[in-house]
Number of protein chains: 2
Amino acid sequence: MSTTWLSDAEQTAWRSFITTLPDLTAAFETDLARHGLSMGDYEVLVFLSEAADNRMRMCDLAGGLRLSPSGLTRRLDGLVKVGWVERASCAADRRVMYAHLTPAGRAKMEEAAPDHVASVRRHFLEPLGTAGVGQLGELFAKVRDHLHSLQPV
Amino acid sequence: MSTTWLSDAEQTAWRSFITTLPDLTAAFETDLARHGLSMGDYEVLVFLSEAADNRMRMCDLAGGLRLSPSGLTRRLDGLVKVGWVERASCAADRRVMYAHLTPAGRAKMEEAAPDHVASVRRHFLEPLGTAGVGQLGELFAKVRDHLHSLQPV
DNA sequence: AGCCAATAGTTGTGATCACAATGATTGTGT
DNA sequence: ACACAATCATTGTGATCACAACTATTGGCT
């Protein structure tokens with residue numbers, strides 16, 4: 001039925017989703033803060049650590065992180081200041097700046113990653129259960145595909 | 001298995017979840033912006049419209065919205081400025097300020113709500129399918145209960 | 001070659017939010 | 001009655017982010 005309102009089942013599902021999200025991300029942020037990292041910082045390190053040569057162009061990184069160009073510029077400022085990332089210009093295209101993970105950045109990343117994984121497991125995956133994890137993956141894959149089909153990247 | 005890393009199934013589930021979320025909320029924000037509302041504003045109106053006498057104490061509202069007291073104060077400033085909410089002091093306890101939904105605020109809320117519901121349905125519930133909606137509700141209810149059992153409100 | 005649109009990154013500005021400090025009021029314990 | 005802790009809301013300050021404007025560079029088109 002496609003009325004203007006939600007059915008009871010839809011209502012409870014939507015509410016449990018939308019009310020749980022802030023608490024869930026707050027739990028992740030709190031756990032990561034013990035390493036002096038925000039989730040935003042951590043995700044930058046993850047992207048760079050998985051990239052070829054531990055570096056990415058700013059625009060690609062911004063796209064992957066769903067950050068605006070200016071947002072990434074300022075986020076990187078912080079990471080550069082503490083020495084986990086450095087900027088490197090590109091000889092082939094002088095418009096381009098690379099964000100490059102430093103050894104210190106990689107060390108910080110490897111220090112924090114196990115705790116973060118444990119945090120995700122403890123606050124999220126574990127309560128879902130093995131079957132629930134599989135369901136969750138399928139559900140959000142559907143949502144993602146639907147979003148991308150409407151608003152192609 | 002509780003290793004330091006995620007299994008493939010966990011990995012794909014977690015990634016599809018964490019990468020879809022920003023796009024999903026962006027879709028909701030975009031749709032709501034057609035009414036001049038942010039999701040934050042909209043949720044304030046929802047809470048007040050469902051409260052007794054269309055009003056709530058600031059501290060209760062902040063708790064419900066998962067906002068800090070200062071965050072709510074500033075968010076309310078904006079809503080008061082456009083006339084959708086007004087502040088009212090409490091005779092019984094003069095520390096307390098009520099946030100009170102105005103008729104204009106209720107009208108704005110009733111104008112935007114059907115579109116927002118349609119947005120939620122279109123971007124989220126519909127791709128999930130009927131069975132998926134039920135699964136989602138159960139999954140996040142488990143996560144919520146787990147979070148609250150660890151960090152009681 | 002030369003013009004011009006497209007791309008890459010930064011900076012100015014304003015919005016949103018949290019933390020800490022402050023002021024005002026309430027309630028509790030003695 | 002009175003002191004003191006707790007509660008409620010706001011303000012000062014700083015962090016994060018997006019949008020718009022800007023500079024620099026590149027690549028396509030004539």
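The present account deals with the structure reproduced in this document. What you see is a predicted model, and the numbers here were worked out from it, not measured in a lab. (Residues numbered from 1 in each chain as written. Chains lettered and ligands numbered in written order. Predicted model: local features only at pLDDT ≥ 70, side-chain atom pairs only at ≥ 80, totals over all residues. Heavy atoms only, no water.)

This paragraph deals with the environment of Thr19(B). With respect to the helices and strands, Thr19(B) occurs in helix α1 (residues 8-33). Apart from the residues lying within four places of it in its own chain, the contact partners of Thr19(B) are Arg66(A) and Arg144(A). Polar contacts involving the side chain of Thr19(B) include one to the main-chain carbonyl oxygen of Arg15(B), which spans 2.8 Å. (Helix = DSSP H or I, 4+ residues; strand = E, 2+ residues; numbered from the N terminus. Contact = heavy atoms within 4.5 Å. Polar contact = N/O pair within 3.5 Å; in protein donor to acceptor, adjacent residues only side chain to side chain.)

All names here are of chain A. In this structure, tyrosine 98 sits in strand β3 (residues 97-101). Judged by its relative accessible area of 15%, tyrosine 98 falls in the buried class. Linking tyrosine 98 and serine 149, residues 51 residues apart in sequence, is a C-alpha distance of 30 Å. Filtering out sequence-adjacent residues up to four positions away, tyrosine 98 remains in contact with Arg55, Met56, Arg57, Glu86, Arg87, Ala88, Ser89 and Cys90. (Buried < 20%, exposed > 50% of the residue type's maximum accessible area, 1.4 Å probe, protein only.)

Further remarks concern the protein's contact with DNA strand D. Lining the immediate environment of DNA strand D, one finds 22 residues, of which Ser68(A), Ser70(A), Arg75(A), Cys59(B) and Thr73(B) sit closest. Among all atoms of DNA strand D positioned within 4 Å of the protein, those belonging to sugar or phosphate total 61%. The backbone of Cys59(B) places a nitrogen or oxygen atom 2.5 Å from a phosphate oxygen of DNA strand D. Elements with a minimum of two residues in the surface near DNA strand D: α4 (69-81) of chain A together with α3 (58-65) and α4 (69-81) of chain B. Broken down by class, the residue content of the surface near DNA strand D amounts to 7 nonpolar, 5 polar and 10 charged. (Near = heavy atom within 4 Å. Nonpolar A, V, L, I, M, F, W, Y, C, P; charged D, E, K, R; others polar.)

This next bit is on α4(B). All names here are of chain B. Between its first and last C-alpha atoms α4 spans 18 Å; for 13 residues at 1.5 Å apiece the expected length is 18 Å, and the two agree. For α4, the full list of buried residues reads Leu72, Leu76 and Leu79. What you see down the axis of α4 is that its buried residues fit within an arc of 55 degrees, all on one side. Away from its buried face, by an angle of more than 90 degrees, α4 presents the exposed residues Arg74 and Lys81. Those residues of α4 that are buried are in contact with α2 (39-50), α3, β2 (85-89) and β3 (97-101). Residue glycine 83 follows α4 closely and has a positive phi angle near 85 degrees. (Expected span 1.5 Å × (residues − 1). Arc of directions from axis to C-beta.)

As a further point, take the pattern of salt bridges. Tallied over the entire structure, the rule returns 24 salt bridges over all chains. Of the charged contacts, one joins Glu50(A) and Arg15(B) as a salt bridge, the two residues approaching to 2.8 Å between their closest N and O atoms. Placement of the pair is Glu50(A) in helix α2 (residues 39-50) and Arg15(B) in helix α1, with the two residues belonging to separate chains. Linking Asp115(B) and Arg34(B) is a salt bridge whose minimum nitrogen-to-oxygen distance equals 3.2 Å. With Asp115(B) in helix α5 (residues 103-150) and Arg34(B) in the loop between α1 and α2, the pair connects residues that are 81 residues apart, well separated along the chain. The partly exposed category is assigned to Asp115(B), whose relative accessible area is 34%. Given a relative accessible area of 63%, Arg34(B) falls into the exposed group. (Salt bridge = Lys/Arg side-chain N within 4 Å of Asp/Glu carboxyl O.)

Right, let's get into the interface of chain A and chain B. Accessible area lost upon the coming together of the parts is a frequently used measure of interface size. Across the contact, 53 residues belong to chain A and 53 residues belong to chain B. Around 4900 Å² of area is buried between chain A and chain B when both sides are counted, 70% of it from carbon and sulfur atoms. The largest share of the area that chain A buries against chain B comes from Trp14(A), Arg121(A) and Phe140(A), three residues that together contribute 13% of it. Where chain A touches chain B, the interface holds 6 salt bridges. In this structure, Arg121(A) engages Glu10(B) in a salt bridge whose closest nitrogen and oxygen atoms are separated by 2.9 Å. Linking chain A with chain B are 14 residue pairs in polar contact (both at pLDDT 80 or more). The set of elements that each furnish at least two residues to the side of chain A that touches chain B consists of α1 (8-33), α2 and α5 (103-150) of chain A. Ranked by residues supplied to the side of chain A that touches chain B, first place goes to α5(A) with 27 residues. Residues of the side of chain A that touches chain B, tallied by class, amount to 30 nonpolar, 13 polar and 10 charged. (Buried area = accessible area lost by both parts, 1.4 Å probe.)

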